[in-house]
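# Structural characterization, general
Letter by letter, the chains look like this.
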Amino acid sequence: MYSFTEENYIKTIYKLSANGAQEVSTNALADALDTRAASVTDMLRKLSAKNMVHYVKYRGVTLTEAGERVALQVIRKHRLWEVFLVDKLQFNWDEVHEVAEELEHVTSELLTKRLDEFLGYPRFDPHGDPIPSETGEINQPRQKLLAAMDIAETGTVVGVNDSQPHFLKYLDKIGISLGSKVKVTDKMLYDSSMEIHIEGGTTILVSSEVSNNIYLSA
Ligand SMILES: [Zn+2]
């Protein structure tokens, strides 16, 4: 059993390490968790004693296998609850992250199992992120950034990189949601913005900030 704070550290290390591949610095962790480096160091010692992390002073931290298992379970619960909130309680996709931040810490394994079953074993959350299985397997879909697409190429929106509410609200406003079919109609070399046509909708210009945060099926 781990505290909310411990679980949040473990989850954040997992995300910052590019899913466990790289070492995370104490400063990066302090930034992401909006806390002081000294508090991070204290917590890392604690997590290290619990065999959740490998922590080398001045070098950084990685998750142990046990730590990675905990991270994947927290992420699994977070994403399943997001599906529940959107599909069953009619939340909008920009409203669910904060609520799921709390629900992800509910410990009952039976509840998570029943929730998964109730939702029909969804594979992706409302932002297009893959949901780890009960045993921690995660299937990364084949996807491509909108920014990397060529003129005349088409694709279906399958995910977003920045699930901040302000970004999702903006996408709602310009008429892009998961499942939208888009076609690149022009690319502006001078500022890397793009002109895209949304099927059944309009043709719009999107900034490179936007096109670098939208994934399409490859
Ligand atoms: Zn979320």
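Numbers given to residues run from 1 along each chain, matching the order in which its sequence is written. This being a predicted model, a pLDDT of at least 70 is required before a residue's local features are given, and a value of 80 or more before pairs of side-chain atoms are given or counted; all residues contribute to the totals for chains, interfaces and linings. Hydrogens and water are ignored here; the side-chain numbers use all heavy atoms of the structure.

## Section: the overall build of the chain
Operational definition: Numbering of helices and strands runs from the N terminus, with a helix taken as a DSSP run of H or I at least four residues long and a strand as a DSSP run of E at least two residues long. Note on classification: 1.4 Å probe, protein chains only; a residue is buried when its accessible area is under 20% of the maximum for its type, exposed when over 50%, partly exposed between these limits. Only heavy atoms matter for contacts: two residues are in contact if any of them lie within 4.5 Å across the pair. Every accessible area reported is derived by Shrake-Rupley at a probe size of 1.4 Å, with residue values counting cover from the shown protein chains alone.
A tally of helices and strands in the chain yields eight helices and eight strands. Once the C-alpha set of the chain is aligned to its principal axes, its extents read approximately 55 × 45 × 25 Å. Considering the chain as a whole, with its 218 residues, one finds that 40% of them fall into the buried category. Sequence-distant contacts in the chain: of pairs separated by 6 or more residues, those separated by 24 or more amount to 61%. As presented, the chain carries roughly 12,000 Å² of accessible surface, and 49% of it is formed by carbon and sulfur atoms.

## A word on the coordination of the zinc ion
So the rule is basically this: Listed donors are limited to N, O and S atoms within 2.8 Å of the metal, widened to 3.2 Å for Na, K and Ca; water is not among them, so incomplete-looking sites are possible.
At this site the zinc ion is bound by H78 (NE2), E82 (OE) and H97 (ND1), with donor distances of 2.0 to 2.1 Å. Each donor residue of the zinc ion belongs to the same chain, and together they define the spacing H-x3-E-x14-H. With a gap of 19 residues between them, H78 in helix α4 (residues 65–87) and H97 in helix α5 (residues 96–103) connect regions that are remote in the sequence.

## Focus: the environment of N92
Going by this rule: The definition of a polar contact used here is a pair of N or O atoms within 3.5 Å, where within protein one atom must be able to donate a hydrogen and the other to accept one, and adjacent residues in sequence count solely through side-chain atom pairs.
Within the element layout of this structure, N92 appears in the loop between α4 and α5. Discounting chain neighbours no more than four positions away, the residues touching N92 are V86 and D172. Within the structure, N92 has its side chain in polar contact with the side chain of D172 (distance 3.0 Å).

## Some thoughts on the nonpolar core
Where we set the bar: Only buried residues count toward a nonpolar core. Its members are Ala, Val, Leu, Ile, Met, Phe, Trp, Tyr and Cys residues joined through side-chain atoms within 4.5 Å.
In this structure, I13, L29, V53 and V61 are the most contacted members of the largest nonpolar core, which totals 22 residues. When contributions to this core are tallied by element, the ones reaching two or more residues are α1 (4–16), α2 (26–33), α3 (37–49), β1 (53–56), β2 (60–63) and α4. Counting residues in each nonpolar core, the second largest holds 20 residues, with W93, V157, I204 and V210 among its members.

## Re the sheet that holds strand β7 (residues 203–206)
Counted only if it meets this: Note on pairing: DSSP must find at least two bridges between two strands before they are called paired. Under this scheme, a helix contributes an axis fitted over its contacting stretch, all axes are lines through C-alpha atoms, and angles between N-to-C directions fall in the 0 to 180 degree range.
Reading across the sheet, the six strands line up as β3-β8-β4-β5-β6-β7 and stay open at both edges, with antiparallel pairing between neighbours. Two strands lie at the open edges of the sheet, namely β3 (143–145) and β7, each paired on one side alone. The sheet shows a mean angle of 45° between the axes of neighbouring strands, direction not considered. Sheet analysis places strand β5 (residues 181–187) next to strand β6 (residues 194–198), joined by five bridges and oriented antiparallel. For D186, the partnering residue across the bridge sits in β6 and is E195. Docked against the sheet, helix α7 (residues 165–174) engages β4 (154–160), β6, β7 and β8 (214–217), running at close to 150° with respect to β4.

## Some remarks on the packing of aromatic side chains
Short version of the rule: Two rings from Phe, Tyr or Trp (for Trp, the six-membered ring) form a pair when their centres sit within 6.5 Å of each other. Planes less than 30 degrees apart are called stacked, planes more than 60 degrees apart edge-to-face, and all others tilted. Only when the NZ atom of a Lys or the CZ atom of an Arg is both within 6 Å of the ring centre and within 35 degrees of the ring normal do we say a charge sits over the ring.
One pass over the full model with this rule turns up two aromatic pairs. Considering the side-chain rings of W81 and F84, the 5.5 Å spacing of their centres and the 90° angle between planes classify their relative orientation as edge-to-face. Remark: F84 and W81 occur in helix α4; sequence separation between them is three residues, near one turn of the helix. Using a relative accessible area of 12% as the deciding quantity, one classes W81 as buried. Between F84 and F118 the ring centres are 6.3 Å apart and the planes differ by 50°, which places this aromatic pair in the tilted class. Here the residue F84 occupies a position in helix α4, and F118 occupies one in helix α6 (residues 109–118), the gap between them amounting to 34 residues. Relative accessible area serves as the criterion here: at 51%, F118 is assigned to the exposed category. Within the aromatic cluster, the residues linked to one another by ring pairs are W81, F84 and F118. A cation over an aromatic ring shows up here: K88 above the ring of F118, its NZ or CZ 5.2 Å from the ring centre.

## Examining the domain arrangement of the chain
Condition: Boundaries of every domain are those given by an automatic assignment or by a domain database.
Taken domain by domain, the chain consists of domain 1 (4–63) and domain 2 (143–217). For domain 1 and domain 2, the distance between their C-alpha centroids amounts to 33 Å.

## Observations regarding unusual backbone geometry
Despite not being glycine, D34 shows a phi value in the positive range, around 55°. Accessibility expressed as a relative area gives 71% for D34, which makes it exposed. Within the chain, Y58 stands out as a residue other than glycine whose phi angle is a positive 70°. Secondary-structure assignment places Y58 in the loop between β1 and β2. Looking at Y58, the relative accessible area reads 75%, which means it is exposed.

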